[in-house]
Amino acid sequence: MRKVKNTASYLYLGLIFLFLYAPILVLIVLSFNDSMSRTIWGGFTFKWYANLTSNDSIMDALGTTIRITLASSILATVLGTSAAIGIQYMKKRHAAIMLGATNIPLLNADIVTGISLMLLFTRFTPLGEFSVVLAHIAFSVPYVIFNVLPRLQSLSEACFEAAMDLGATPWYAFYKVVWPEIFPGVLSGFLMALTMSLDDFTITYFTKGAGVNTLSTMLYTQLRKGIQPELYALSTILFLLAFVMLLATNFKGNSKKEVAEK
């Protein structure tokens, strides 16, 4: 009976992994298909990878995506970390109000956020890369706050006060005492903001303006006339980069754990 349960659990786990990763596997296979068709196998080739850098539309969209993602993630991390520190030292009632306001962008539908930001930006500034960066900052800051705030709440104020009593300036005490403790939360918030910005379509679509395309919006426009196979190659490269980063992070974490146990 136990053997049957173990077999059923492994089968269930295998089906879950198949459901999650089969589409990615199909994408990787199609990136090596020597055919424009998504259903006919035309042979194995690397030409879509070779042609990737010479495809101006894809490279322009990639460059725009990288600029917007990095700019919005860095600024959202700075603003979110500062906001988390401010909320931590507020009175409980004021902190609760601020946390409630912070929850609104997380609970709000993307299409509502996108349309409202579009209406706001068209009143004060032309739509373009700058408006997209501002929009991405607006929905990324709450993720940073909720990653940094638990770290601040677990930090004892006595450590900071002790550093001040020993002659440290507020900035030096923050850098030496607070920053090392909250850095994992700041890094998690930055990676979350990076992922959300890179993945966003709806808000970007409403705030980008004419002539500005990220990878997500370019994919949407190409669905009508057929997706270029070079995009399969680029998507495969992005997936492999994310996979390698995940393995490196886990390996580093396991190494630190082994060192600590020794």
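A. Region of interest: the nonpolar core. With 19 residues, the main nonpolar core has Ala84, Val148 and Leu152 as its most contacted residues. At the level of elements, helix H3 (56–88), helix H6 (129–153) and helix H8 (170–199) are the ones that each hand at least two residues to this core. Here this core takes nine residues from H6, the largest share from any one element. Filtering out sequence-adjacent residues up to four positions away, Leu152 remains in contact with Ala84, Ile85, Gln88, Val178 and Ile182. Within the second largest apolar cluster, eleven residues are counted, among which are Leu30, Leu52, Ile58 and Ala61.

B. Layout of H6. If you check H6, its first and last C-alpha atoms are 36 Å apart, about what 25 residues at 1.5 Å a residue would give, namely 36 Å. The largest bend along H6 measures about 35° and falls at Ser140, with the proline Pro142 one to four residues further on.

C. A look at the layout of surface pockets. Volume-wise, the largest pocket comes out at about 1,400 Å³. Residue lining of the largest pocket: 32 residues in total, with Leu194, Thr195, Leu198, Ala242 and Met245 positioned closest to the centre. Elements with a contribution of two residues or more to the lining of the largest pocket: H3, H8, helix H10 (215–222) and helix H11 (229–261). Taken together, the residues of the lining of the largest pocket sort by class into 21 nonpolar, eight polar and three charged.

Criteria and cut-off values
Residues numbered from 1 in each chain as written. Predicted model: local features only at pLDDT ≥ 70, side-chain atom pairs only at ≥ 80, totals over all residues. Heavy atoms only, no water. Core = buried A, V, L, I, M, F, W, Y, C linked by side-chain atoms within 4.5 Å. Buried < 20%, exposed > 50% of the residue type's maximum accessible area, 1.4 Å probe, protein only. Helix = DSSP H or I, 4+ residues; strand = E, 2+ residues; numbered from the N terminus. Contact = heavy atoms within 4.5 Å. Expected span 1.5 Å × (residues − 1). Bend = angle between axes of the 7 residues up to and from the residue. 1 Å grid on protein atoms, 1.4 Å probe; cavity = no way out; pocket = protein on both sides within 12 Å on 5 of 7 lines; lining within 4 Å. Points joined across faces, edges and corners; volume = space filled by probe spheres on them. Nonpolar A, V, L, I, M, F, W, Y, C, P; charged D, E, K, R; others polar.

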